[in-house]
Amino acid sequence: MLRRRRAPLLLAAGAGVALAASFAASPSADGRGVPSALHGVARSSRAIYTIGFVVVDYKYSLRGLAPGSADYRVKLYEVHLRSAKKLLKLCEVNRGFYVKAGQFVSSLRQVPKEYVSTLSCLQDQATPCKFRDIKIVIEQNFGKDLHDIFLDFDEHPIAAASIAQVHRGRLNNNQEVAVKVQYPGLERRMKLDIMTMSLLSKSVSLIFPDYRFEKILLEFERTMSMELDFTKEASNSERTASCFRKNNVVKVPPVFRELTTKEILTMEFCYGHKVDDLDFLRKADISPTKVAKALIELFGEMIFVHGFVHGDPHPGNILVSPEGQGRFSLVLLDHGIYKELDPKFRVDYCKLWKALILLDAQKILELGEQFGVGKYAKYFPLIFTGRTIDSKSVLGTQISGEEKMRIKQDLSSLGMDDISSFMESLPPDFLVILRTDGLLRLEAGAINHISLRVKTNISYLYLRILVELAGLLVQFNDCKHKLMDKLRWMLQKISLGWYRPLM
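None of the values given here were measured: they were computed from a predicted structure.

The rules behind these values
- Residues numbered from 1 in each chain as written.
- Predicted model: local features only at pLDDT ≥ 70, side-chain atom pairs only at ≥ 80, totals over all residues.
- Heavy atoms only, no water.
- Helix = DSSP H or I, 4+ residues; strand = E, 2+ residues; numbered from the N terminus.
- Buried < 20%, exposed > 50% of the residue type's maximum accessible area, 1.4 Å probe, protein only.
- Contact = heavy atoms within 4.5 Å.
- Areas by Shrake-Rupley, 256 points an atom, 1.4 Å probe, with all protein chains shown as cover.
- Core = buried A, V, L, I, M, F, W, Y, C linked by side-chain atoms within 4.5 Å.
- Pairing = 2+ DSSP bridges.
- Axes fitted to C-alpha atoms, helices over the stretch in contact; angles between N-to-C directions.
- Arc of directions from axis to C-beta.
- pLDDT = per-residue confidence, 0-100.
- Expected span 1.5 Å × (residues − 1).
- Polar contact = N/O pair within 3.5 Å; in protein donor to acceptor, adjacent residues only side chain to side chain.
- Parallel < 35°, antiparallel > 145°, perpendicular 65-115°, else oblique.
- Nonpolar A, V, L, I, M, F, W, Y, C, P; charged D, E, K, R; others polar.
- Phe/Tyr/Trp six-rings, centres within 6.5 Å; stacked < 30°, edge-to-face > 60°.
- Left-handed = near helix turned anticlockwise from the far one by under 90°.

Digging into the overall build of the protein chain
Inference 1: Scanning the protein chain for helices and strands turns up 21 helices and 11 strands.
Inference 2: Buried residues in the protein chain amount to 50% of all 503 residues.
Inference 3: Within the protein chain, contacts between residues at least 6 apart in sequence are counted, and of these 68% link residues at least 24 apart.
Inference 4: Summing over all exposed atoms, the protein chain offers an accessible surface of approximately 24200 Å²; the carbon and sulfur share of this is 56%.

Set out below in structure tokens:
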């Protein structure tokens, strides 16, 4: 029996090695085919070993324990933490797309908290590439010597991520620029890494039929393919700048198209600090609450107004600059991953929020059927508002001790099979929303440290969403303008601090 269960992993191992061997047989343009392929074999082997260990650990550590029992919960926590640390080590050693995959997983609020807390440190981890390799990429792309393009070019990167690093430079007209340069050989490496991840995912699902993550992997592959083409990032950046052209708080650095290719992106250099840098906010006398509020409104507008959503809003991609109206501005960087939301999905998502606000359990379940999640719709209130499906606690108020106990019971009863089934059944648009929501909650909490006034005065945010909901529904359902006027009036009163919703 054990031999049969090992078969899928052995098959994945063989396929991964065979794939790497095929890369070795066809040398790359830079003449590094064989060394690159051998490196790929090592990376694949580490991944297969790690996932094999995790699978066996789950299978045998939880064997014979009743799901939901106290012993099961204790053991499950231990296995989650142990496995998360194994995956963290794998990401740190393999680097590249494994780091991106770890960042992707850590931003999903639906995975166990042990994974989120352990893998979240990957958001700031990256090892810069040697400058001589970066210089070769630049000169090959433009067909010119580096110093014929730039008056000055700092050899030391100001930022490094998993697929590229950013250098500060100065054009011949003295314009300061930030130059994002892709690491060499990434596209070949991505093909091997994605194939290995896909084989491992399928192998795990053969052993554990309830563990299905193919849809998440497809979304990850889609986002990585988009992120590797910097001309697409330039287009996304320009579109986002157009969306927020009338917004005095949001700044998107202009792109220099003549110095942008698939592997290089040149944009205006903008000063700023990470959005969660509390020391900077204090020294600059910038209100963390106002920054958090502006951040949430920025992404609320992306989702509910424009339907064009930044897919990687971690702190390194959002800077706070002390310049601009209102004493600060948000500088939005890294536009490689965007999702254009389907109009019908946006309407249904608006309806879901309306149902969450009005505590309409029946409507939430109905919308769950439309989203394709079935019985898991009951967890929507838990995910978005921290309440149970049958909660009577008005949003913006404290929940009862009894409801806290029910939430704890709901969470403890969730197994990995529930999580994987839920994630697999979600539409792709929803995965983007959940990932963005997860990252923003982490950032908002960090910005305001312990408690957000924005969070406690949550009715303000929900009414902002209702305003956008009404505006969106006008486009599709020919709603009356009176609803918009009424909601805006309510919003103004909340801003003054004396209106209290009766829902």
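So, unusual backbone geometry
Inference 1: Positive phi is not limited to glycine here, since aspartate 334 has a value of about 55°.
Inference 2: Mapped onto the fold, aspartate 334 is located in the loop between strand S10 (329–332) and strand S11 (338–340).

Considering the nonpolar core
Buried together is how nonpolar side chains tend to be arranged in soluble globular proteins.
Inference 1: Within the largest apolar cluster, 62 residues are counted, with the highest numbers of intra-cluster contacts made by Ile138, Phe150 and Phe220.
Inference 2: Among all residues touching isoleucine 138, those that are not within four sequence positions of it are Leu146, Ile149, Phe150, Phe153, Val181 and Ile264.
Inference 3: Core analysis: the next-biggest nonpolar cluster, separate from the first, contains 35 residues, Tyr349, Leu352, Leu356 and Phe380 among them.

Notes on the sheet that holds strand S9 (residues 318–321)
Backbone hydrogen bonds hold the strands of a sheet together, and the pairing may be parallel or antiparallel.
Inference 1: On the basis of which strands lie adjacent, the open sheet formed by four strands has the order S5-S10-S9-S7 and mixed pairing. The two strands at the open ends of the sheet, each matched to only one other strand, are strand S5 (250–251) and strand S7 (273–274).
Inference 2: Relative to S10, S9 runs antiparallel, the two sharing four bridges. Following the sheet pairing, leucine 319 is matched in S10 by valine 331.
Inference 3: Relative to the sheet, helix H12 (residues 288–306) contacts S5, S9 and S10, its axis offset from that of S10 by approximately 50°.

As for helix H14 (residues 361–371)
Inference 1: Within the sequence span of H14, burial applies to Ile364, Leu367, Gly368 and Phe371. Buried residues of H14, seen end-on, are gathered within an arc of 110° and therefore sit on one face of the element.
Inference 2: Just downstream of H14 lies glycine 372, where phi reads positive at about 85°.

Looking at the confidence of the model for the protein chain
Inference 1: Of the residues in the protein chain, 73% have a pLDDT of 70 or more, and the chain-wide mean is 77.
Inference 2: Residue range residues 449–484 is modelled with pLDDT below 50. Its contacts to residues more than four positions away, or to other chains, number 62 contacts.
Inference 3: Residue range residues 486–503 is modelled with pLDDT below 50. Its contacts to residues more than four positions away, or to other chains, number 24 contacts.

Observations concerning helix H10 (residues 230–243)
Given 3.6 residues to a turn, an α-helix orients residues that are three or four positions apart in the same direction.
Inference 1: Along its 14 residues, H10 runs 20 Å from first to last C-alpha, staying within 8% of the 20 Å computed at 1.5 Å per residue.
Inference 2: Along H10, the positions that sit buried rather than exposed are Phe230, Glu233, Ala234, Asn236, Ser237 and Thr240. Viewed along the axis of H10, the buried residues span an arc of 165°, placing them on a single side of the element.

Side note on the side chain of histidine 310
Inference 1: Mapped onto the fold, histidine 310 is located in strand S8 (residues 308–310).
Inference 2: In this structure histidine 310 comes out as buried when scored by relative accessible area, which is 0%.
Inference 3: A distance of 2.9 Å separates a polar side-chain atom of histidine 310 from the backbone oxygen of leucine 333.

Here we look at the environment of serine 321
Inference 1: Along the polypeptide, serine 321 turns up in strand S9.
Inference 2: Here serine 321 falls in the buried class, since its relative accessible area comes to 3%.
Inference 3: Sequence separation between serine 321 and phenylalanine 280 is 41 residues; the distance between their C-alpha atoms is 9.9 Å.
Inference 4: Those residues in contact with serine 321, other than ones at most four positions away along the chain, are Tyr271, Gly272, Arg327, Phe328, Ser329 and Val331.

Regarding the pairing of strand S4 (residues 176–182)
Inference 1: In terms of burial, S4 is largely enclosed, as seven of its seven residues are buried.
Inference 2: Where strand S3 (residues 164–171) meets S4, seven bridges bridge the pair, whose relative direction is antiparallel. Of the residues in S4, the one forming a bridge with glutamine 165 is valine 181.
Inference 3: Where S3 folds back on S4, the antiparallel hairpin that results is connected by four residues, among which asparagine 174 adopts a positive phi of roughly 75°.
Inference 4: Relative to strand S6 (residues 264–268), S4 runs antiparallel, the two being bridged by five bridges. Across the sheet, the residue bridging to valine 181 is isoleucine 264, located in S6.

Things to note about the packing of H12 against helix H13 (residues 343–357)
Inference 1: The N-to-C vectors of H12 and H13 enclose an angle of 120°; their axes lie 9 Å apart at closest approach. As judged from the angle between their axes, H12 and H13 are oblique. Across the interface between the two elements, Ile303, Phe304, Val305 and His306 from H12 touch Arg346, Tyr349, Cys350 and Trp353 from H13.
Inference 2: Broken down by class, the residue content of the contact of H12 with H13 amounts to six nonpolar, one polar and one charged.

Focus: the packing of aromatic side chains
Inference 1: Scanning the entire structure with this criterion turns up 17 aromatic pairs.
Inference 2: Aromatic pair tyrosine 349 and phenylalanine 384: ring centres 6.0 Å apart, planes at 65°, arrangement edge-to-face. Taken together, the residues span a long stretch of sequence, with tyrosine 349 in helix H13 and phenylalanine 384 in helix H15 (residues 380–385) at a distance of 35 residues.
Inference 3: Taking relative accessible area as the criterion, phenylalanine 384 reaches 1% and is therefore assigned buried.

Digging into the environment of asparagine 141
Inference 1: Along the chain, the position of asparagine 141 falls in helix H6 (residues 131–142).
Inference 2: Taking the C-alpha atoms as reference points, asparagine 141 and lysine 262, 121 residues apart in sequence, are found 8.7 Å from one another.
Inference 3: Those residues in contact with asparagine 141, other than ones at most four positions away along the chain, are Thr261, Glu263 and Ile264.
Inference 4: Within the structure, asparagine 141 has its side chain in polar contact with the backbone oxygen of valine 137 (distance 2.7 Å).
Inference 5: In terms of polar contacts, asparagine 141 uses its side chain to reach the side chain of glutamate 263, at 2.9 Å.

Focus: the pairing of S3
Here is the key point about a regular strand: its side chains alternate between the two faces of the sheet.
Inference 1: For S3, the buried fraction is high: six of the eight residues fall into the buried class.
Inference 2: Summarising the sheet, strand S1 (residues 150–153) and S3 pair through three bridges and their orientation is antiparallel. By the bridge assignment for S3, phenylalanine 153 is matched with glycine 169.
Inference 3: Here strand S2 (residues 159–160) folds back onto S3, and the loop between the two strands holds three residues.

Details of the packing of H13 against H14
Inference 1: In contact at an axis separation of 9 Å, H13 and H14 are set at 155° when each is read in the N-to-C sense. By the criterion of interaxial angle, the relationship of H13 to H14 is roughly antiparallel. The hand of the H13/H14 crossing is left-handed. In contact with Lys344, Phe345, Asp348, Tyr349, Lys351, Leu352, Ala355 and Leu356 of H13, H14 contributes Lys363, Ile364, Leu367, Gln370 and Phe371.
Inference 2: Split into classes, the residues belonging to the contact of H13 with H14 amount to eight nonpolar, one polar and four charged.

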